[in-house]
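# Report on the structure
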Amino acid sequence: MPIDVESNQWDKSKQIDILEVEIERYLQKNSEAAYKLSEITEHLAAEKPEVFPESLLTEGDSARLSRTVLVASRLEKLAWHERIEARSLDNRLYYTDREGGQFPIAEVERNIPNRFIDLEQKIEEVDDQLRAIQRLLQDLEEVPADFDLQ
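In what follows, the accompanying structure is described.

The rules behind these values
Residues numbered from 1 in each chain as written. Predicted model: local features only at pLDDT ≥ 70, side-chain atom pairs only at ≥ 80, totals over all residues. Heavy atoms only, no water. Helix = DSSP H or I, 4+ residues; strand = E, 2+ residues; numbered from the N terminus. Buried < 20%, exposed > 50% of the residue type's maximum accessible area, 1.4 Å probe, protein only. Contact = heavy atoms within 4.5 Å. Salt bridge = Lys/Arg side-chain N within 4 Å of Asp/Glu carboxyl O. Core = buried A, V, L, I, M, F, W, Y, C linked by side-chain atoms within 4.5 Å. Axes fitted to C-alpha atoms, helices over the stretch in contact; angles between N-to-C directions. Parallel < 35°, antiparallel > 145°, perpendicular 65-115°, else oblique. Left-handed = near helix turned anticlockwise from the far one by under 90°. Expected span 1.5 Å × (residues − 1). Polar contact = N/O pair within 3.5 Å; in protein donor to acceptor, adjacent residues only side chain to side chain. Patch = residues over 30% accessible without salt bridge, like charges linked within 9 Å, V, L, I, M, F, W, Y side chains within 5 Å. Areas by Shrake-Rupley, 256 points an atom, 1.4 Å probe, with all protein chains shown as cover.

With that settled, consider the overall build of the protein. Looking only at helices and strands, the protein features 5 helices and 3 strands. Listing every helix and strand of the protein by position from the N terminus yields α-α-β-α-α-β-β-α. Out of the 150 residues belonging to the protein, those deemed buried represent 21%. Within the protein, contacts between residues separated by at least 24 positions form 51% of all contacts whose residues are at least 6 apart in sequence.

Right, let's get into the pattern of salt bridges. What the rule picks out here adds up to 10 salt bridges. As a salt-bridge pair, Arg-83 and Glu-24 come within 2.4 Å of each other at their nearest N and O atoms. Of this pair, Arg-83 sits in the loop between helix H4 (61-80) and strand S2 (84-89) while Glu-24 sits in helix H2 (residues 18-29), and the two are 59 residues apart along the sequence. For Glu-24, a relative accessible area of 12% gives the class buried. In this structure, Arg-131 engages Asp-127 in a salt bridge whose closest nitrogen and oxygen atoms are separated by 2.2 Å. Placement of both Arg-131 and Asp-127 in helix H5 (residues 104-139) is noted, with a separation of 4 residues, approximately one turn of the helix. Look at Asp-127 and you get partly exposed, because its relative accessible area is 31%. Ionic contacts of the salt-bridge type, sharing partners, join the residues Glu-20, Glu-24, Lys-77 and Arg-83 into one network.

With that settled, the discussion passes to the nonpolar core. Among the nonpolar cores identified, the biggest contains 14 residues, and Leu-19, Ile-23, Leu-27, Ile-40, Leu-44, Val-71 and Leu-75 are the most heavily contacted of them. Looking at this core, the elements with two or more residues in it are H2, helix H3 (37-47) and H4. When near neighbours in sequence (up to four residues on either side) are disregarded, Leu-19 contacts Leu-44, Val-51, Phe-52, Leu-70, Val-71 and Arg-74.

The next point concerns the packing of H3 against H4. Put simply, H3 and H4 touch, their axes get as near as 9 Å, and they point 115° apart. Classified by the angle between their axes, H3 and H4 sit roughly perpendicular to one another. Between H3 and H4 lies a crossing of right-handed hand. For the pair H3 and H4, the contacting residues are Leu-37, Ile-40, Thr-41, Leu-44 and Ala-45 in the first and Arg-67, Thr-68, Val-71, Ala-72 and Leu-75 in the second.

Between the first and last C-alpha of H2 there are 16 Å, a value that for 12 residues agrees with the 16 Å anticipated at 1.5 Å per step. Taken as a whole, H2 has its buried residues at Leu-19, Glu-20, Glu-22, Ile-23, Glu-24, Tyr-26 and Leu-27. Of the residues flanking the start of H2, the one acting as N-cap is Asp-17, its side-chain oxygen 3.1 Å from the backbone nitrogen of Leu-19.

Taken together, the side chains of Ile-112, Phe-116, Leu-119 and Ile-123 make up a nonpolar region of the molecular surface, amounting to roughly 410 Å² of accessible area. Secondary-structure assignment places Phe-116 in helix H5.

Worth remembering: the numbers are spatial, not functional.
Structure follows, in structure tokens:
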């Protein structure tokens with residue numbers, strides 16, 4: 001059943017970046033080697049073209065450069081979160097899989113927005129409960145003397 005993209009359910013769902021997922025998957029599967037940005041981009045364009053917008057799958061320098069920029073931005077994020085490793089060899093950057101923990105600041109960057117989302121949801125729930133109580137009170141003609149709002 002389709003989900004309305006204007007719905008609360010859609011707004012609160014997590015977005016998945018399939019390009020980032022495929023980059024990480026490629027490096028994990030080939031963890032015995034390190035790859036240049038161009039090698040990763042060319043592999044994805046050839047083997048997983050669905051990770052790019054259709055308009056960037058054409059031949060030409062502009063489309064190739066745009067694909068490269070998209071991959072580079074995801075590699076930067078993955079390196080920041082220490083999910084991949086980047087090293088400079090022979091004046092070129094190479095990327096490979098990295099096992100291990102996450103960089104503490106990256107963890108904060110990921111967790112703090114989730115905490116705010118949780119707080120917003122709790123505030124909305126309390127607000128809904130308060131409105132329901134207000135409606136009930138308005139429906140009562142007389143409030144019993146022993147009624148305690150606390």
